[in-house]
Amino acid sequence: MAGEERVGVSSIPSQREFTDFYAEWRDPIRRALALAIGDITIADDATDEAMTRALAWWAKIHDYERPEGWVYRVGLNWSRGLFRKRRYEILTQLDPDPPATDTSLPDIDVIEAVGCLSWRLRPIVVARYYLDWSTADVAAAFGIPEGTVKSRLSRALSRLARDLGETP
Amino acid sequence: MTKLEDRIRSSLHATAQQLPDTAEGFTGTAEPQSPPRVRGPVVAVAVMIGVLVVLGGSLFWFSNLGEPSPGDVADSVAAIQLERFPIPGYVPPSAELVYGDYAVPDPTNPSSVDAVVARTTPEGFTDGVVVTVYDASQVGIGVPEGEPVVINGHQATLFRNKGRVTLWWQQDDHVVTVRSPAGDATLAESVASVVTIANTEPFDETVLTFGSLPDGLAVFAPPRLAPPEPHPYVQIHASMGPETVDPEFVTIAVVRDTIAQVAGAFGSATATEIRGVDGYQVETADGVSFVWSHDPGVTVTVGGTYPEADIRAVAEGLDFVTEADWRRQYDSTGPQLPTTTTTHAIPITEPPAVGTDGDDPGAPTTTVP
């Protein structure tokens, strides 16, 4: 029956702990979701939703090795359930007047190729190469075996190599 | 890292760097926020609502938070609060009330598409079968032990648990389960044989459809995406002592879902009137449950092991309040943070007189001490 699951009483986290977590991870998660989803507006909402849930369940998830993995995944699931996106539009949403400290420019070919990856592959690529999580961390975030992460990354790299004319 | 990986990494970082910023949304206090640097007013409103919800929640959950006063924020969020949080007005004799927290949204229970087919009768529905399709990339692939069967050319497994029958198979990038709560394997196989699954490209949305269903069966609850959602619940237990092995209980759960989905998951049900509206009475392994629609898309289930009259009285006696009021009630029942489950004995009361129009549940007895 619904509602039988209970919340544990193992520890009582502080509000400061969540505030620190929020300060550290809100922006990276937001940008990662934007890269995975392809829309910064949706990513904004997904981040807020996921962070709100993280606060609600902080007593539970603060014990996770990587709470940010949980938040990233909740944000992905939330956006997937709500939206039926038609295009990967991230390149049209970049700041036309970026801070002067930015020295590198996006490689449009790469981003377009990433945008052509399937929903199954793209969030894993973003987690691995933007968030710089190890394959073990990505596996923990998505709740799948590390071998599955590696095989998906391999598939994604093969596809990107093909589209970009490079060697995987 | 290969040259290709380096190229991907640097491109993702450069792109992310050039995405527009937004204001920080949470500071731990309700001090006025800087105007968010967002592209449109709709997003700004969404961000501000998000901040208010976060802050409002934190104020009720962290008693040591100094300012501002809870009332200020509660007033701010009142406009978006709905009366969907249950407070029992009747509790069976010698029972304890447990203000359970939300069920935790389980990240290992991913989004799925599910549907229910059933045979509708004038008295209710029967022969319900629940079909659920998971994204195989989102779930661990562990083949359950059971009888091997073949479904549309796919190697499947049939297993039984607590009187239910479930078929399980993997099909391309999906894991499919077809479950008969009544334990009818033939029915489950006949429904499974007409399940069609596809992914729309390039957006990867799972589409679940049915071919020609067996005679009399029809789609009872149409396919829909089912993300794990938290929901409020309350449990009522018979007093538990050290000798108690299997105490009596009633569970009250409010879920954001249709009545067809919730009731359909039981497999069969009898139509009944509850609280003056059409609902269902369900016989379960535990006892009896009542299911009804509280608001469009919001369904309440009250069920457990107590006698039917007690469970109906609990259902009829429910009061619904806003989340803020529910949190206050919750906080009043124990010293722990509301992310823990607290138990609080309340006075024993008689069942309320149930009005024929169902809108007179009686006053809640769980007042703040």
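All residue numbers refer to positions counted from 1 along the written sequence of the respective chain. Chain A is the first chain written and ligand 1 is the first ligand written, with later ones labelled in order. Predicted model: local features are reported for residues with pLDDT of at least 70 only, side-chain atom pairs are reported and counted for 80 or more only, and whole-chain, interface and lining totals are derived from all residues. To obtain the side-chain values, all non-hydrogen atoms of the structure were included, while hydrogens and water were left out.

Description of the overall build of chain B
Rules: Secondary structure elements are taken from DSSP: a helix is a run of H or I of four residues or more, a strand is a run of E of two residues or more, and numbering for both begins at the N terminus. Buried means the residue's accessible area, taken with a 1.4 Å probe over protein chains only, is under 20% of the maximum for its type, while exposed means over 50%, and partly exposed covers the values in between. Every residue pair with non-hydrogen atoms within 4.5 Å of one another is taken to be in contact. Shrake-Rupley sampling with a 1.4 Å probe provides the accessible areas, and residues are treated as covered by the protein chains on show and by no other component.
Of the regular secondary structure elements, chain B holds seven helices and 19 strands. Counting the 369 residues in chain B, one finds 52% classified as buried. Taking contacts inside chain B between residues at least 6 apart in sequence as the whole, the part at least 24 apart equals 61%. For chain B, the exposed surface amounts to about 16200 Å²; the carbon and sulfur share of it is 53%.

Side note on the overall build of chain A
Secondary structure assignment for chain A yields eight helices and zero strands. Overall, chain A shows an N-to-C arrangement of helices and strands of α-α-α-α-α-α-α-α. Considering only residue pairs separated by 6 or more positions, chain A has 67% of its internal contacts joining residues 24 or more positions apart. Working note: accessible area of chain A is about 7000 Å², and carbon and sulfur atoms make up 49% of it.

Notes on the pattern of salt bridges
All names here are of chain A. We count it as follows: Within this document, salt bridges are pairs made up of a side-chain nitrogen of Lys or Arg and a carboxyl oxygen of Asp or Glu, the two lying within 4 Å of each other.
On inspection of all chains with the given rule, the structure shows 17 salt bridges over all chains. Notably, a salt bridge pairs Arg 30 with Asp 27, separated by 3.9 Å at the nearest N-O pair. With Arg 30 and Asp 27 both in helix H1 (residues 15–37) and three residues apart, this pair spans about one turn of that helix. Residue Asp 27 is classed as partly exposed on the basis of its relative accessible area, which comes to 27%. The shortest N-O distance in the salt bridge between Asp 44 and Arg 30 comes to 2.4 Å. Of the two residues, Asp 44 is situated in helix H2 (residues 40–56) and Arg 30 in helix H1; the sequence distance between them amounts to 14 residues.

Description of the environment of Arg 162 of chain A
Of note, Arg 162 of chain A is situated in helix H8 (residues 146–164). As for Arg 162 of chain A and Ala 113 of chain A, which are separated by 49 residues in sequence, their C-alpha atoms are 9.5 Å apart.

Focus: the side chain of Glu 316 of chain B
As a reminder, the rule being used: Contacts described as polar in this section are N or O atom pairs within 3.5 Å, which, within protein, must combine one atom able to donate a hydrogen with one able to accept it, while residues neighboring in sequence count only if both atoms come from side chains.
For Glu 316 of chain B, the position within the fold is in helix H6 (residues 308–317). Within the structure, Glu 316 of chain B has its side chain in polar contact with the backbone nitrogen of Arg 275 of chain B (distance 3.2 Å).

Here's the deal with the nonpolar core
Rules: Residue types Ala, Val, Leu, Ile, Met, Phe, Trp, Tyr and Cys, when buried and joined through side-chain atoms within 4.5 Å, form a set referred to as a nonpolar core.
Within the largest apolar cluster, 64 residues are counted, with the highest numbers of intra-cluster contacts made by Tyr 72 and Phe 142 of chain A together with Ile 8 of chain B. The greatest single-element share of this core, amounting to eleven residues, is contributed by H1 of chain A.

Quick look at the packing of helix H6 (residues 122–129) of chain A against H8 of chain A
All names here are of chain A. Stated precisely, the cut-off is as follows: Axis lines are fitted to C-alpha atoms, over the contacting stretch for helices. Their N-to-C directions set the angle, which ranges from 0 to 180 degrees. Between 65 and 115 degrees an angle is taken as roughly perpendicular, under 35 as roughly parallel, over 145 as roughly antiparallel, and anywhere else as oblique. Under the scheme applied, nonpolar residues are Ala, Val, Leu, Ile, Met, Phe, Trp, Tyr, Cys and Pro; charged residues are Asp, Glu, Lys and Arg; polar residues are all the others, including Gly.
Remark: H6 packs on H8, axes separated minimally by 10 Å, with the N-to-C direction vectors making an angle of 100°. Between H6 and H8, the crossing angle belongs to the class labelled roughly perpendicular. Judged by residue contacts, Ile 124, Val 125, Arg 128 and Tyr 129 of H6 engage Val 149, Arg 152, Leu 153, Ala 156 and Leu 157 from H8. Residue composition of the contact of H6 with H8, by class: seven nonpolar, no polar and two charged.

Describing helix H5 (residues 108–115) of chain A
Listed in full, the buried residues belonging to H5 of chain A are Val 110, Ile 111, Ala 113, Val 114 and Gly 115 of chain A. Taken together, the buried residues of H5 of chain A touch H6 and H8 of chain A together with helix H1 (3–17) of chain B.

Here we look at the environment of Glu 283 of chain B
All names here are of chain B. Position of Glu 283 relative to the elements: it lies in strand S15 (residues 277–283). As a C-alpha pair, Glu 283 and Glu 308 span 25 residues in sequence and 10.0 Å in three-dimensional space. Side chain to side chain, Glu 283 and Gln 281 meet in a polar contact 3.3 Å long.

Quick notes on the packing of aromatic side chains
All names here are of chain A. Note the threshold: Aromatic contacts are taken between Phe, Tyr and Trp rings whose centres are within 6.5 Å, Trp giving its six-membered ring; a plane angle under 30 degrees counts as stacked, one over 60 as edge-to-face, and the others as tilted.
All told, the structure shown has eight aromatic pairs over all chains when counted by the stated rule. For the pair Tyr 72 and Trp 133, a centre-to-centre distance of 5.8 Å together with 90° between the ring planes defines the contact as edge-to-face. Of this pair, Tyr 72 sits in helix H4 (residues 67–82) while Trp 133 sits in the loop between H6 and helix H7 (135–142), and the two are 61 residues apart along the sequence. Across this residue pair, the class does not change: Tyr 72 and Trp 133 are buried. In textbook terms, an aromatic cluster arises when at least three aromatic residues are bridged by ring pairs, as seen for Trp 25, Tyr 72, Trp 133 and Phe 142.

Some thoughts on the side chain of Arg 31 of chain A
Relative to the elements of secondary structure, Arg 31 of chain A occurs in helix H1. A relative accessible area of 6% means that Arg 31 of chain A is categorised as buried. When near neighbours in sequence (up to four residues on either side) are disregarded, Arg 31 of chain A contacts Tyr 130 of chain A together with Ala 16, Gln 17, Leu 19 and Asp 21 of chain B.

Take it as geometry only, folks, not as evidence of what the structure does.
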